[in-house]
Amino acid sequence: MNLNINGLYKDPLFQLNLAIWLSQPQPFSEFYVYPLFYKNNLNIYSIGPALALPFDIRLAVSKKISCQENVRPDLIFEKSGKKKLCILECKSSSFGLKSSNIKQAITLLLISGPIISEVLAIGKRGENECMLCYLIGPDNRKLMESTLNSLKQELDKVKMESGNFGCFEVKPTPTAIILEYSENIKKFFNLMEDSPVEIIKIEKDTDPRPLYLFPYDPNIQTKEEQELSRRILFERILGHIISEIGGADIPTSIIFTTEKLLNAATFGLYNIWEDKEAKKHLRKLARDFLNEIRSSINEPVRESITHESQKGWIFNIKDKETHEELLKQLQRFKPETLDLSKEVEPSLFDYMEL
Amino acid sequence: MNTEKVKMPDIDISNEIKSINSREKMIRYLDGYSAERMEELDERKTKRPLVKSYMLEHVGDNGSQKKIRDLLAEFRIESQEIDENLYRIEDKRTNEDYMGFLEVFSPRYFIFYTLHLSDKADRWVKNLVFSSPDLDHVWLSGLTFNVLWQRISQISKPHRYVSILFVHESIYQIDSAIYEDENEDDKEISLSLEEEDDIKVIERRASKFKLVDKVSIVQEKLTKLQDLYSPLYAISQLRFPSPVGQGGHDFYDNGKVTNRSGNFRDHRSHILYVLKIYDELMKKTEEKAWYSMYKETITIPGEFQKLIGSPVIIKFSEPLNKETFDYWIKSTFGRLNNRFRLWGNPIILGPTKIHVYGVDKHLWKPVFMELTDKHLIAIVPKGTCGNTIHRLICNIQKYIDPAAKAYIGDIEYKSMVEQSSKEVVYEPEH
């Protein structure tokens, strides 16, 4: 196999899936990804939540410091009945004070302060403690911590309370993927393990990535990662179609909208993405993929698949023979044979299609 | 294993079933019939087939499950109600054969009782399950049988005899002749003790043997033997000694139960006990393993979603060799009909590591897997029946590694079965 995983550790999609795996229950002695978060009672509280600054904070910061009104971090973890929270943001690398990520970082720092209780509506201000943690690629932790430190000082200057902060750095050694973190993270979350922690063992000529619970992120960095994530997305869409058709009572007519397919393939994450351009891009990907599937199906079974822009893809399965033949051909379809690095061109009907 | 040597026209059995039209008649008839067969077994001259029961699972979502009548009607099988939750089953596809009786234990579990010969009954049930994505066998893995054996040894008198069948065949080892066969679904392990000159030498591990001994002896030796020889973990049939006489009830890994006792009511009672354990185990497995996005606030759609679920981890006792791994992957995902009934396009991540975002083709539900030479990890999205997990564990023990350990999240599967069996306890009705 062509193993090119240089970009893996910097890839936000890999980082997001890794962070989720760190919180998955697994036997401590037979682990697959060392369940660092699970073992230390850090559980997923929310995935991709939209968080807004309270009104008084917005008033207080206006004209003093530039930030966003709302922000959507990748994950929030909670510990000890939400007494302690961790806002986790995945980034390929650190960034400096002139970066376009600064506004988001300031907003996250503010939200990680005493207002977290109110922002999440779990208590009065100050009742819960929070730490903003960045999960970043190799050799970027010091720089990232330095940026966050500078931002905290700026917030202090304008008398705005911010939260704790820290960085998890994911990087490879010859034998394992390790996670490094600072002492303040260890103390804040009472982690039992000293940094660094081996989280996945690396085997010769083997890509160490875990199964992806979430298969796609529009911000993927490298060509290799983009191709693989598209492949996973397509496999999951195809699997969903095969499941639905395989279990159907015949005769039937099954309608797949691109939205339904994308939600099925992403555990519903598609619905909560706010990036409209990214969603448009995904819909186009899904539509093209369905077109590819349809063209691969031989006549006369192909005629049973039609597309109506206001309805979606309609699979008309009139009898058992059609059902069996359609299933057989769908199971033989190989997403790996498609051009997975193809540029996605917008179409005139992007907003109309279902 | 079919030890019945019976020659009797099927039509007679069909007619006898046809004449039974109430629960009381069915119970009395099957009770008397079982007693007669037991006498014949004692004399080693069985004249008619034994009573067999098949535990089946209705795998549709709760609430959207079809009625059993409608489900069977799709295959031109008529269910004639003879009592509440009890049906006489007539197969209209054949010569209007009366096949047996179906008792609805709960919306999720059925028991099919029959007097037909094993060959005929096994085939009939297997075809029914194969054709319907709504039905599945109740899968009792070697790990489950090991726990059931502990329950037997707890309450059975030490001098009673227990019978245990162990079946393990490493069909994915490189010399496997089965690999050449196009359709594996109809293949069952068949091992002959006879030596023939013209049989090609197949070098792979294959174990199938039966142990019949006193409960006290098995209790003392089995664990030690299992530690010495791992195929002994692959229990695929276990006899519950009958408390009302000689013989007992032979439970098979695919949910079949043969009545080798003289009492049908006791036979049914044992099935109900095992089904209750299985139901508890299923609830626990699904509750723990199902992956889904859970919304904390329902008023704001899409807000505060969290992922809940646990991976299913099957850890092999020792790494598979490269050839075996390759064979397993190729014969499972390289053909539409495969023993594991899985579909998926492997994403190759290394010499002995693949990811598959696939489908359990029995139930037509998604399942995501990492397969390596050391483990199988499965992510089961919500709605995929827990049966997928139990069947997977059963097949891994039978065909890959009899001593494999399974976990649902951080809980060992074996302890989950133990817990389930402990929860099935007597509770006074009043």
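Residues numbered from 1 in each chain as written. Chains lettered and ligands numbered in written order. Predicted model: local features only at pLDDT ≥ 70, side-chain atom pairs only at ≥ 80, totals over all residues.

This part takes up the overall build of chain B. Assigned secondary structure in chain B consists of ten helices and 21 strands. Looking at chain B as a whole, 47% of its 430 residues qualify as buried. Across chain B, every contact between residues at least 6 apart in sequence was considered, and the portion connecting residues at least 24 apart equals 62%. (Helix = DSSP H or I, 4+ residues; strand = E, 2+ residues; numbered from the N terminus. Buried ≥ 20, exposed ≤ 12 C-beta atoms within 10 Å, placed from the backbone. Contact = placed C-beta atoms within 7 Å.)

Further remarks concern the overall build of chain A. Each helix and strand counted, chain A has twelve helices and twelve strands in total. Expressed along its principal axes, the backbone C-alpha trace of chain A runs to roughly 70 × 50 × 35 Å. When each of the 354 residues of chain A is scored for burial, the buried share is 44%. Expressed as a percentage of contacts within chain A between residues at least 6 apart in sequence, the contacts between residues at least 24 apart total 69%.

On to helix α4 (residues 118–131) of chain B. With 14 residues, α4 of chain B extends 19 Å between its outermost C-alpha atoms, agreeing within 8% with the 20 Å of an ideal straight helix rising 1.5 Å per residue. Packing partners of the buried residues in α4 of chain B comprise β1 (52–58), β4 (97–104) and β5 (109–114) of chain B. (Expected span 1.5 Å × (residues − 1).)

Within the largest apolar cluster, 205 residues are counted, with the highest numbers of intra-cluster contacts made by Phe77, Cys86, Ile87, Leu110 and Cys133 of chain A together with Ala378 of chain B. In this structure alanine 378 of chain B touches Pro311, Val312, Val367, Phe368, Met369 and Leu392 of chain B, once residues within four positions along its chain are discounted. (Core = buried A, V, L, I, M, F, W, Y, C linked by C-beta atoms within 7 Å.)

All names here are of chain B. Extensive coverage of β5 is indicated by the burial of six of its six residues. With four bridges joining them, β4 and β5 adopt antiparallel strand pairing. By the bridge assignment, glutamate 103 is partnered in β5 with isoleucine 111. Turn length for the β4-β5 hairpin, with the two strands adjacent in sequence and antiparallel, is four residues. (Pairing = 2+ DSSP bridges.)

So, on to the domain arrangement of chain B. Where interface size is quoted, it is often the accessible area lost as the parts come together. Residue and element names in this part refer to chain B. On domain assignment, one finds that chain B holds domain 1 (10–137), domain 2 (142–286) and domain 3 (287–423). With five residues of domain 1 in contact, the opposing surface of domain 3 contributes six residues. In terms of residue class, the side of domain 1 that touches domain 3 is made up of two nonpolar, no polar and three charged. (Domains from an automatic or database assignment. Nonpolar A, V, L, I, M, F, W, Y, C, P; charged D, E, K, R; others polar.)

In this section: the interface of chain B and chain A. Across the boundary between the two partners, chain B contributes 37 residues, which contact 41 residues of chain A. Counting residues per element, the ones that place at least two in the side of chain B that touches chain A are β13 (305–308), β14 (312–315), β16 (347–350), β17 (353–360), β18 (365–372) and β19 (375–381) of chain B. Ranked by residue count, the leading element in the side of chain B that touches chain A is β17 of chain B, at five residues. The residue inventory of the side of chain B that touches chain A, partitioned by class, reads 20 nonpolar, nine polar and eight charged.

Our focus in this paragraph is the sheet that holds strand β11 (residues 305–308) of chain A. All names here are of chain A. Pairing within the open sheet is antiparallel, and its three strands lie in the order β10-β12-β11. Two strands lie at the open edges of the sheet, namely β10 (252–256) and β11, each paired on one side alone. The average angle at which neighbouring strand axes cross in this sheet is 25°, direction not considered. Sheet topology note: the β10/strand β12 (residues 312–317) ladder contains five bridges and is antiparallel. Looking at β12, one finds that phenylalanine 256 is bridged to tryptophan 313. (Axes fitted to C-alpha atoms, helices over the stretch in contact; angles between N-to-C directions.)

So, about the domain arrangement of chain A. Residue and element names in this part refer to chain A. Domain annotation of chain A identifies domain 1 (8–201) and domain 2 (223–337). Between domain 1 and domain 2, the contact holds six residues from the first and five residues from the second. Residue composition of the side of domain 1 that touches domain 2, by class: three nonpolar, one polar and two charged.

The next point concerns the packing of helix α9 (residues 258–265) of chain A against helix α11 (residues 276–296) of chain A. All names here are of chain A. Relative orientation of the contacting elements α9 and α11 amounts to 100°, with a least axis distance of 10 Å. Between α9 and α11, the angle is such that the two are roughly perpendicular. Here Thr258, Leu261 and Leu262 of α9 come into contact with α11, specifically with Leu282, Arg283, Ala286 and Arg287. Residues of the contact of α9 with α11, tallied by class, amount to four nonpolar, one polar and two charged. (Parallel < 35°, antiparallel > 145°, perpendicular 65-115°, else oblique.)

Residue and element names in this part refer to chain A. Between serine 195 and the following residue, proline 196, the backbone shows a cis peptide bond with an omega angle of -5°. Structurally, proline 196 can be placed in the loop between α7 (183–188) and β9 (197–201). Omega for the bond connecting glutamate 299 with proline 300 falls within 30 degrees of zero, at 0°, which places this linkage in the cis form. Relative to the elements of secondary structure, proline 300 occurs in the loop between α11 and β11.

Once that is clear, we can look at the packing of helix α2 (residues 23–42) of chain B against helix α7 (residues 264–289) of chain B. Residues and elements named next belong to chain B. Interhelical geometry of α2 versus α7 gives an angle of 105° and a closest axis separation of 8 Å. When the interaxial angle is binned, α2 and α7 end up roughly perpendicular. Contacts between α2 and α7 involve Ile27, Leu30, Asp31 and Ser34 from the former and Phe264, Arg265 and His267 from the latter. Its residues assigned to classes, the contact of α2 with α7 comprises three nonpolar, two polar and two charged.

Following the sequence through the fold, proline 335 of chain A ends up in the segment after α12 (320–332). Along the backbone, proline 335 of chain A and isoleucine 293 of chain A are 42 residues apart, and their C-alpha atoms lie at a distance of 8.9 Å. Setting aside chain neighbours within four positions, we find proline 335 of chain A in contact with Arg231, Phe234, Glu235 and Leu238 of chain A together with Asn345 of chain B.

Moving on: the pairing of β16 of chain B. All names here are of chain B. Bridge count for β16 against β17 is three bridges, and the pairing is antiparallel. Following the sheet pairing, glycine 350 is matched in β17 by lysine 353. As consecutive antiparallel partners, β16 and β17 are separated by two residues.

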